[in-house]
Amino acid sequence: MTVPLIRLNDGASIPQLGLGVFRVDAGETERVVSEALEIGYRHIDTAKIYGNEEEVGRAIAASGIPRDELYITTKLYNDDQGRATARDAFERSLDRLDLERVDLYLIHWPCPARDLYVETWRVLEQLQQSGRATSIGVSNFLEAHLQRLLDETDVVPAIDQIELHPYHQQPSVTAFARAHGIAIESWGPLGQGKYPLLELPEIVSIARAHGKSPAQVVLRWHIQQGTIVFPKSTRRERLVENFDVFDFELSVEEQAAITGLERGGRVGGDPNTAS
Ligand code: NAD
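Overview of the structure. (Residues numbered from 1 in each chain as written. Predicted model: local features only at pLDDT ≥ 70, side-chain atom pairs only at ≥ 80, totals over all residues. Heavy atoms only, no water.)

1. As for the site of the ligand
Working step 1: Looking at the ligand, there are 24 residues lining it, with D45, S139, L190, Q192 and N242 nearest.
Working step 2: For the ligand, an oxygen atom lies 3.4 Å from a polar atom in the backbone of G20.
Working step 3: Out of a free accessible area of 830 Å², the ligand has 88% covered by protein chains.
Working step 4: With respect to the pocket detection grid, the ligand is positioned in the largest pocket.
Working step 5: At 3 residues, the largest contribution of residues to the shell around the ligand is made by helix 9 (residues 236-243).
Working step 6: The residue makeup of the shell around the ligand, split by class, is 11 nonpolar, 9 polar and 4 charged. (Near = heavy atom within 4 Å. Polar contact = N/O pair within 3.5 Å; in protein donor to acceptor, adjacent residues only side chain to side chain. Areas by Shrake-Rupley, 256 points an atom, 1.4 Å probe, with all protein chains shown as cover. 1 Å grid on protein atoms, 1.4 Å probe; cavity = no way out; pocket = protein on both sides within 12 Å on 5 of 7 lines; lining within 4 Å. Sits in = over half its atoms within 2 Å of the grid points. Helix = DSSP H or I, 4+ residues; strand = E, 2+ residues; numbered from the N terminus. Nonpolar A, V, L, I, M, F, W, Y, C, P; charged D, E, K, R; others polar.)

In structure tokens, the structure reads:
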């Protein structure tokens, strides 16, 4: 199975489908990531705050897969923002991952009340120049936060990783990002299981028509919109299922029916207040 690559504004490419390890217990992470790598996943999304970077690193080392065939993302957490602390946070993430570089380093949340994301971004610019963060980006940034980076710094983020699933599609952030060449990653692509997305009749009937599961249909909807996804599962059969979304295509009408499910229904934190 070949996962499409998305070309970023800095010239690097990212596999459009990967595995996210939010809320994967550290004790299970090495097994889950190893299974994903066996299945064919080559893109792993972790973060300092997930508490499992070390275990992700162990699975990578044990896999024997050449480093440049893997795509590894981690994120700088809120209390590490700031000129004095960001560089150290990055070094500690690399140490835990046991890597010389990451493919993508993200500021996890803007935390506007701290007002440190602009100076933190300056540190990420230097990390990219040093070659140890191939690409740099942000997460949970809304238009105003992106606009400040565009106005006050030199490097346009390669990626904005935002909550995005059928009930919460963030069309204005997405349009703004696209207009500035910023790729969108959808976190919580399956709604984190927090609403009955996979039981909605619109999704179930499309799944039946294609002989696919509701989860595969939702992931396919993301893929056809051009967003990057890394659904989380700890179960091998679901890892296989979530990776198997490249042998069918949703029609324009089916895509539109899923897009029509928008409810403004955030399931995660509010980027303006999360701190
Ligand atoms: P998700 O939408 O991927 O949902 C995960 C849940 O969906 C699982 O717990 C499981 O119960 C269910 N699931 C997975 N595969 C399934 C299948 N085939 N059939 C039925 N149910 C299935 O939610 P997520 O894990 O929060 O998001 C994915 C990744 O996004 C995370 O692991 C993490 O890497 C990233 N993330 C980032 C942020 C951020 O602030 N940047 C926040 C949350 C998540």
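Additional details are given in the paragraphs that follow.
2. A look at the pattern of salt bridges
Working step 1: All told, the structure shown has 22 salt bridges when counted by the stated rule.
Working step 2: With a closest N to O distance of 3.2 Å, R236 and E38 form a salt bridge. Of this pair, R236 sits in helix 9 while E38 sits in helix 1 (residues 26-39), placing them 198 residues apart in sequence.
Working step 3: The exposure class assigned to E38 is exposed, which follows from its relative accessible area of 57%.
Working step 4: Across the pair D154 and R122 runs a salt bridge, and its minimum N-O distance is 3.0 Å. One end of the pair, D154, is in the loop between helix 5 (143-152) and strand 8 (159-163); the other, R122, is in helix 4 (residues 117-130), and 32 residues separate them in sequence. (Salt bridge = Lys/Arg side-chain N within 4 Å of Asp/Glu carboxyl O. Buried < 20%, exposed > 50% of the residue type's maximum accessible area, 1.4 Å probe, protein only.)

3. Thoughts on the pairing of strand 5 (residues 71-76)
Working step 1: Burial runs high along strand 5: 6 of the 6 residues are buried.
Working step 2: As paired strands, strand 4 (residues 43-45) and strand 5 are joined by 3 bridges and run parallel to one another. Bridged to D45 within strand 5 is T73.
Working step 3: For the crossover from strand 4 across helix 2 (residues 53-63) to strand 5, the handedness is right-handed.
Working step 4: Handedness of the β-α-β unit built from strand 5, helix 3 (residues 83-97) and strand 6 (residues 102-107) comes out right-handed. (Pairing = 2+ DSSP bridges. Right-handed = clockwise from strand over helix to strand, strands pointing away.)

4. Things to note about the side chain of T46
Working step 1: Among the secondary structure elements, T46 is positioned in the loop between strand 4 and helix 2.
Working step 2: Among the polar contacts made by the side chain of T46, one reaches the side chain of N52 at a distance of 2.8 Å.
Working step 3: The residues touching T46, leaving out its near neighbours within four places in the chain, are V21, N52, E53, V56, T73, T74, K75 and L97. (Contact = heavy atoms within 4.5 Å.)

5. Quick look at the sheet that holds strand 9 (residues 183-187)
Working step 1: Read across the sheet, 8 strands follow the order 3-4-5-6-7-8-9-10 without closing on themselves; strand pairing throughout is parallel. Of all strands in the sheet, those with a lone pairing partner are strand 3 (19-20) and strand 10 (228-229), marking the two edges.
Working step 2: Note that strand 6 and strand 7 (residues 133-139) share 5 bridges and pair parallel. Residue pairing in the sheet places L104 in a bridge with S135 of strand 7.

6. Details of empty space enclosed by the protein
Working step 1: Evaluation of the coordinates by the stated rule reveals 1 cavity of 30 Å³ or more.
Working step 2: Put simply, the largest cavity is a space of about 30 Å³.
Working step 3: Contributing to the lining of the largest cavity are N140, L142, I162, E163, Q170, W187, R266, G269 and P271.
Working step 4: Across the lining of the largest cavity, the residue classes tally to 4 nonpolar, 3 polar and 2 charged. (Points joined across faces, edges and corners; volume = space filled by probe spheres on them.)

7. Here's the deal with the packing of aromatic side chains
Working step 1: The tally for this structure, following the rule as stated, stands at 5 aromatic pairs.
Working step 2: Ring centres of F22 and Y50 lie 5.0 Å apart, and the angle between their planes is 40°; on these two criteria the pair is classed as tilted. Note that F22 is positioned in the loop between strand 3 and helix 1 and Y50 in the loop between strand 4 and helix 2, a separation of 28 residues in sequence.
Working step 3: Plain terms: the ring middles of Y167 and Y195 are 3.9 Å apart, the flat faces sit at 5° to each other, and that makes the pair stacked. Here Y167 is found in the loop between strand 8 and helix 6 (171-179), whereas its partner Y195 is found in the loop between strand 9 and helix 7 (201-210), with 28 residues between them in sequence. For the residue pair Y167 and Y195, the accessibility class agrees, reading buried in each case.
Working step 4: In this structure, R148 is placed above the aromatic ring of Y117, and the distance from its NZ or CZ to the ring centre is 5.4 Å. (Phe/Tyr/Trp six-rings, centres within 6.5 Å; stacked < 30°, edge-to-face > 60°. Lys NZ or Arg CZ within 6 Å of the ring centre and 35° of its normal.)

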